[in-house]
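# Results of the structural survey
Here is what each chain is made of, one letter per residue.
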Amino acid sequence: MTTLSPTRTPHRLRRVWPALFWTGLLVLGLLPGVLPSLLAPLSADGRPPNIGDTPLYRLALVHLGLVLGAELLVLLLGVPLAVAVTRPGRTALRRLVEALTGLGQTVPTLAILALAVPTLGLGLKPTLLGLVLYGLVPVVSNGIAGLLGVDPAIRDAARGMGMTGAQRLWRVELPLSLPVLLAGVRTSTVYNVGTATIGAALGAGGLGLLIVNGLSEQNTALVLVGAILSTLLALSLDALLGLVVSDPPAS
């Protein structure tokens, strides 16, 4: 029979409120005219900055689509990679993979995008490449740490029960390493909300378009509209993913 700890409900509420707060602020900022009006005093003419013909909510949806699309690719690449290099006898391969994926954050994102443009052109493709390379590091490193952190005694017990290697992976190792892996996904997602703003310079769109246009027009208010909304999106996703990552199991 499942019982609830007397402290569990307050603990859950303490984690729900930040998600509601940041998401509510994001929705408020996306309402037509609200944020531009608040930042109008920062414009040279004292008027609300011109955000263009595309509504803010559409820019936010494009931005969110870039981030979520990149995270899907990161998971499809990162999780199998972490599993492959944590199998017995692959220590050298694991170190090589960690070094290669680490280059995604060692090399500046602008440099990666600049190198990708001649081959992939402008727009979505080079932006996704930069997001995947940048977001791969936390997922791979956390996946490796989570899988290697599984107690060897638990593995031995599963082996003693007659489980095959695949059964041990799916029924024991991955479930036990999931919290650590999800923490990496959370970090990767928040990183890429900021990184995706650079993609606007390549024609990928999103909230970074406001920042790029604001810089070209020397309009501080317009830059802040894009920066504030990007920040609120990152905080909202971080809080929402935090509900999943840190949710305690029922007892």
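Keep in mind it's a predicted model, so treat the numbers as computed, not measured.

### Remarks on the overall build of the chain
- Within the chain, the secondary structure is distributed over 10 helices and zero strands.
- Along the chain direction, N to C, the helices and strands of the chain fall in the order α-α-α-α-α-α-α-α-α-α.
- If you take every contact in the chain between residues at least 6 apart in sequence, the share linking residues at least 24 apart comes to 76%.
- Carbon and sulfur atoms form 69% of the exposed surface of the chain, whose accessible area is close to 13500 Å².

### Observations concerning a nonpolar patch on the surface
- A cluster of nonpolar side chains, contributed by F21, L25, L28 and L31, occupies part of the molecular surface with about 340 Å² of accessible area.
- Secondary-structure assignment places L31 in the loop between α1 (8–30) and α2 (34–38).

### Topic: the packing of aromatic side chains
- Within the structure shown, the criterion is met by two aromatic pairs.
- Each ring, one from F21 and one from W22, has its centre 4.9 Å from the other, and the planes form 70°; the classification is edge-to-face.

### Looking at the pattern of salt bridges
- Counting across every chain of the model gives four salt bridges.
- The partner of R87 in a salt bridge is E173, with the nearest N and O atoms 2.9 Å apart. Here R87, found in the loop between α3 (56–85) and α4 (91–106), pairs with E173, found in helix α8 (residues 165–195); they are 86 residues apart in sequence, far enough to count as distant.
- Exposure remark for E173: the relative accessible area of 4% places this residue in the buried category.
- For R155, the salt bridge identified is with E173, shortest N-O distance 3.7 Å. With R155 in helix α7 (residues 152–160) and E173 in helix α8, this pair connects stretches of sequence that are 18 residues apart.
- Through salt bridges with shared partners, a single network forms among R87, R155 and E173.

### Things to note about the nonpolar core
- Counting 40 residues, the largest nonpolar core has L56, L207, L210, V225 and L229 as the members making the most contacts within it.
- Elements represented by at least two residues in this core include exactly α1, α3, α6 (124–148), α8 and α10 (220–245).
- The leading source of residues in this core is α3, at 10 residues.
- Apart from residues lying up to four places away in sequence, L56 is in contact with G29, L30, P36, I51, L207, L210, V225 and L229.

### A short note on the packing of helix α9 (residues 208–217) against α10
- Between α9 and α10, whose axes approach to 7 Å, the crossing angle comes to 160°. In this view, α9 runs roughly antiparallel relative to α10, as classed from their interaxial angle. Between α9 and α10 the crossing geometry is left-handed. Across the interface between the two elements, L210, I211, N213, G214, L215 and E217 from α9 touch L222, V223, V225, G226 and A227 from α10.
- Each residue belonging to the contact of α9 with α10 can be placed in one class, and the counts come to seven nonpolar, three polar and one charged.

### Structural notes on the UniProt feature "transmembrane region" (unreviewed entry) in the chain
- When the UniProt feature table is mapped to this numbering, "transmembrane region" (unreviewed entry) covers residues 20–40, 60–84, 96–116, 128–148, 193–215 and 222–245.
- Helix makes up 76% of residues 20–40 and strand 0%, with an end-to-end C-alpha separation of 27 Å.
- Annotated as 100% helix and 0% strand, the span residues 222–245 places its first and last C-alpha atoms 34 Å apart.

### Brief notes about unusual backbone geometry
- Positive phi values are uncommon outside glycine, yet Q218 reaches one of about 55°.
- Note on placement: Q218 falls in the loop between α9 and α10.
- Relative accessible area serves as the criterion here: at 75%, Q218 is assigned to the exposed category.

Thresholds, definitions, all that
- Residues numbered from 1 in each chain as written.
- Predicted model: local features only at pLDDT ≥ 70, side-chain atom pairs only at ≥ 80, totals over all residues.
- Heavy atoms only, no water.
- Helix = DSSP H or I, 4+ residues; strand = E, 2+ residues; numbered from the N terminus.
- Contact = heavy atoms within 4.5 Å.
- Areas by Shrake-Rupley, 256 points an atom, 1.4 Å probe, with all protein chains shown as cover.
- Patch = residues over 30% accessible without salt bridge, like charges linked within 9 Å, V, L, I, M, F, W, Y side chains within 5 Å.
- Salt bridge = Lys/Arg side-chain N within 4 Å of Asp/Glu carboxyl O.
- Phe/Tyr/Trp six-rings, centres within 6.5 Å; stacked < 30°, edge-to-face > 60°.
- Buried < 20%, exposed > 50% of the residue type's maximum accessible area, 1.4 Å probe, protein only.
- Core = buried A, V, L, I, M, F, W, Y, C linked by side-chain atoms within 4.5 Å.
- Axes fitted to C-alpha atoms, helices over the stretch in contact; angles between N-to-C directions.
- Parallel < 35°, antiparallel > 145°, perpendicular 65-115°, else oblique.
- Left-handed = near helix turned anticlockwise from the far one by under 90°.
- Nonpolar A, V, L, I, M, F, W, Y, C, P; charged D, E, K, R; others polar.
- UniProt positions renumbered as here; feature names shortened; annotations may be inferred.

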